[in-house]
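Residue-level structural notes
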Amino acid sequence: MVYHFHDVGNSSKIKQIHNINDNEYLREDARNLAAFLLRLKSHHFEHYQRIVKTIRLVAPFFGDFHLRPTVANPEKIQLEWTELGQDEPFTASALSDGTLRFILLATVLLQPEEFMPSAIIVDEPELGLHPYAINVLAELIKSASHEHQLIISTQSVELVNQFDAEDLIVVDKQGGSSTFKRLETASLSEWLEDYSLGDLWKKNLLGGRPQS
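Residues numbered from 1 in each chain as written. Predicted model: local features only at pLDDT ≥ 70, side-chain atom pairs only at ≥ 80, totals over all residues. Heavy atoms only, no water.

Attention now moves to the packing of aromatic side chains. On inspection of all chains with the given rule, the structure shows 9 aromatic pairs. Through a chain of ring-to-ring contacts, three or more aromatic side chains come together here, namely Phe45, Tyr48, Phe61, Phe62, Phe65, Trp81 and Phe90. (Phe/Tyr/Trp six-rings, centres within 6.5 Å; stacked < 30°, edge-to-face > 60°.)

Here it is, written out as structure tokens:
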């Protein structure tokens, strides 16, 4: 499954009203997040709680999701949430773009095993995330990668710093074709005594930077 969460603007599908029975799996753009979370809350409550608690790590104001059919049509649902200690529901439009993206990522990486794709591809998950949220995201990625193949494309120094050299594949374009190079800690050991992987990337010692 290829997940692409760039569009979380006011017109994004995740902020619209959707069919409540569209809950077989989390779709690639997470348009059915509310329906999927309702299924988790009803039948996989332990996983649902883990998602909520993880969201609170980066958004302490977050209380819970407010999952219910719409008043106008019980076959439809819209993503709603409440602040911690409050009962007034807000729609997804009241969340910052970064918070909403983290909610999507946490749901992907903490969903029950039966819903997890064998391979997960996420494009630039760091967009709009606070540096601390990127640290939490890295731990979620590492945990999920024990049982599943994860391919994460990133341009984030902060995210790269959370991983070992062997976790990274540097992509460059040469002669009109993409080249892929896996890094080795041994060849970088002297550099890594004084610098992080992100520092080496910024110094153009790893590749993966624009070239004329």
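Turning our eyes to something else, we now look at the sheet that holds strand E5 (residues 80–83). The strand order E3-E5-E6 describes an open sheet built from 3 strands, whose pairing is antiparallel. On the outer flanks of this sheet lie strand E3 (62–65) and strand E6 (90–91), each paired with one strand and no other. The pairing of E5 with E6 spans 2 bridges and is classified as antiparallel. Paired with Trp81 across the two strands is Phe90, which belongs to E6. (Pairing = 2+ DSSP bridges. Helix = DSSP H or I, 4+ residues; strand = E, 2+ residues; numbered from the N terminus.)

Now for the side chain of Asp22. Within the secondary structure layout, Asp22 lies in the loop between strand E2 (18–19) and helix H1 (33–43). Here the side chain of Asp22 touches Arg27 through a polar contact of 2.9 Å, side chain to side chain. With residues up to four places along the chain from it excluded, the contact list for Asp22 reads Arg27, Asn32 and Ala35. (Polar contact = N/O pair within 3.5 Å; in protein donor to acceptor, adjacent residues only side chain to side chain. Contact = heavy atoms within 4.5 Å.)

Let us now look at a nonpolar patch on the surface. Taken together, the side chains of Val2, Ile121 and Ile151 make up a nonpolar region of the molecular surface, amounting to roughly 230 Å² of accessible area. Among the structural elements, Val2 can be located in strand E1 (residues 2–3). (Patch = residues over 30% accessible without salt bridge, like charges linked within 9 Å, V, L, I, M, F, W, Y side chains within 5 Å. Areas by Shrake-Rupley, 256 points an atom, 1.4 Å probe, with all protein chains shown as cover. Salt bridge = Lys/Arg side-chain N within 4 Å of Asp/Glu carboxyl O.)

The strand order across the open sheet built from 3 strands is E1-E7-E8, with neighbouring strands paired in parallel fashion. Edge strands, defined here as strands with exactly one partner in the open sheet, are E1 and strand E8 (149–153). Alignment of strand E7 (residues 119–123) against E8, held across 5 bridges, turns out to be parallel. Counted as the bridge partner of Ala119 is Gln149 from E8.

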